[in-house]
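Here's the letter readout for the chains.
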Amino acid sequence: MPRLSVRQFLKNPGLTPADLAMVFLMREEDDAKERSMPTMTVRELPEAVRNLESAGITAVKIFAGARLRDARASQHASPTSLMARSVTAIKKAAPGMLVMTETCVCQHNDSGECRLADKNGRMAVEETIEALGIQAVMQAEAGADIVGPAAMIPGSVREIREVLDVSGHTNVGIVPHLIFASSLYEGFRTSMGATPRSGVRAFQIPPNQPEQAMHIARQMVDEGADMILTEPALHTVDTLVHLKDKIPVPLVPFSVSGEFQRLTDPGEDGERDVRPLVEAYTVLKRAGATRIITYAALEMARHLKVS
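Every chain's residues receive numbers from 1 upward, in the order its sequence appears when written. Side-chain atom pairs in this predicted model are given and counted only at pLDDT of 80 or more, local residue features only at pLDDT of at least 70, and totals for whole chains, interfaces and linings cover all residues. To get the side-chain values, take all heavy atoms of the structure and skip hydrogens and water.

**Q** How should I be thinking about the overall build of the chain in this particular structure?
**A** A run of H or I in DSSP counts as a helix once it spans at least four residues, and a run of E counts as a strand once it spans at least two, with each numbered from the N terminus. Secondary structure assignment for the chain yields 11 helices and 11 strands. Values of the radius of gyration come from C-alpha atoms, whereas the globule rule sets the reference at 2.2 Å times the count of residues to the power 0.38. For the chain, the C-alpha radius of gyration of 19 Å lies close to 19 Å, the compact-globule estimate for 307 residues. Seen through its C-alpha atoms, the chain measures out along the principal axes to roughly 70 × 45 × 40 Å. Residues classed as buried in the chain amount to 53% of the 307 residues present. We call two residues in contact whenever any of their non-hydrogen atoms come within 4.5 Å of each other. By sequence separation, contacts in the chain at least 24 residues apart represent 76% of the contacts at least 6 residues apart. Between the averaged position of the 34 positive side-chain charges in the chain and that of its 38 negative side-chain charges there is a distance of 4 Å. The buried label goes to any residue with under 20% of its type's maximum accessible area, the exposed label to any with over 50%, and the partly exposed label to all in between, with areas taken from a 1.4 Å probe on protein chains only. Think of it this way: Lys and Arg go in the positive column, Asp and Glu in the negative one, and His and the chain ends go nowhere. Lysine's charge is taken at NZ, arginine's at CZ, aspartate's at CG and glutamate's at CD.

Printed below as a string of structure tokens:
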């Protein structure tokens, strides 16, 4: 049996706070609606990001919608939007914090859909792609480091790369979402008003078709993706393993609301037991994850520091 010092030398690095990115679901200051998932106001962001920095977390992922929603998602690229104000507030409080956004119209569209519709109610693909590019530029101008197209519409990554480059944001990265259809998104959807009226997301991947995920991921990379976000995180372990060998960009699984709700138990003091997530995310890291996006990042970082 090797001595302790030798075993420590040979041990692979485990999960660390730096492996985690925190999720912020944003709401307006006067919005007191009860939600199943924790939310944040712009006023609360400075203290929140300083707490993340103290815990060793260096990145956040922001989701933010509009109070005023209509069929054209007209507020999706407003420079005074909740998303823009959130990004700016984080960068002001913690300039070194890497900020990722969601780039989508679902939280600005009164239908909750990820796409705009034409006059006949059919998907307006080209119009939606153009809107996503405009939204991405707005987010970059607010200070976002990485934008995250989530509608999985073919051609959207290419459009976003082109308009970012033309507008001078060549250093802003793109992390498109590679999404398997799942019931685990419901906590997010109900909390953020992003439940699609049709009941489906047109381009999400059936769980029994991993080969389709491989094909789409390659397309995203060909269009200019700098990394790939996979979700739900724990449903994509096999996909991570295969993608790691097939595509030349980092892989970032997103542990979604249902995973957070089901794998953490709140104690009497309100603190959640994150040990199951520590175990699960260690598997994700082993499978090829470069970073892991999670609602439990702060609690996990504090747990990792004392364990």
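This is not the end of the story, as more comes after the structure.
**Q** Would you explain the packing of helix α7 (residues 210–223) against helix α8 (residues 237–246) in this entry?
**A** How two helices sit against one another is set out by the angle between their axes and by the gap between those axes. Running from amino to carboxyl end, α7 crosses α8 at an angle of 40 degrees, the nearest separation of the two axes being 10 Å. By the angle between their directions, the pair α7 and α8 is classed as oblique. Where α7 crosses over α8, the two elements pack in a sense that is right-handed. Only D238, T239, H242, L243 and K246 of α8 make contact with α7, whose side of the interface consists of P210, A213, M214, A217 and R218. To define axes, lines are fitted to C-alpha atoms, for helices over the stretch in contact only, and angles between the resulting N-to-C directions are given on a 0 to 180 degree scale. We call two directions roughly parallel when the angle between them is under 35 degrees, roughly antiparallel when it is over 145, roughly perpendicular when it lies between 65 and 115, and oblique otherwise. Here a crossing is called left-handed whenever its near helix is offset anticlockwise from the far helix by less than a right angle, and right-handed whenever the offset is clockwise.

**Q** Where do I start with unusual backbone geometry in this structure?
**A** It is generally the case that most residues other than glycine have a negative phi and that most peptide bonds are trans. A cis amide bond, omega -5 degrees, links E231 with the succeeding residue P232. Secondary-structure assignment places P232 in the loop between β7 (228–231) and α8. Even without a glycine there, the phi angle at A73 is positive, about 50 degrees. Within the secondary structure, A73 sits in the loop between β2 (59–63) and α3 (82–93).

**Q** Help me understand the packing of α3 against helix α4 (residues 125–142) in this model?
**A** Running from N to C, α3 and α4 cross one another at 30 degrees; their axes reach a closest spacing of 8 Å. Judged by the angle between their axes, α3 and α4 are roughly parallel. Crossing angle aside, the handedness with which α3 passes α4 is right-handed. When α3 is examined against α4, the residues M83, A84, V87 and T88 are found in contact with a partner set consisting of M138, Q139 and A142.

**Q** Would you explain the pairing of β2 in this entry?
**A** Each regular strand carries side chains that alternate between the two faces of the sheet. Extensive coverage of β2 is indicated by the burial of five of its five residues. Both faces of β2 are covered, namely the face carrying A59, K61 and F63 and the face carrying V60 and I62. Pairing between strands requires that DSSP locate at least two bridges from one strand to the other. Alignment of strand β1 (residues 20–25) against β2, held across four bridges, turns out to be parallel. Each bridged residue has a counterpart across the sheet, and for L25 the counterpart in β2 is F63.

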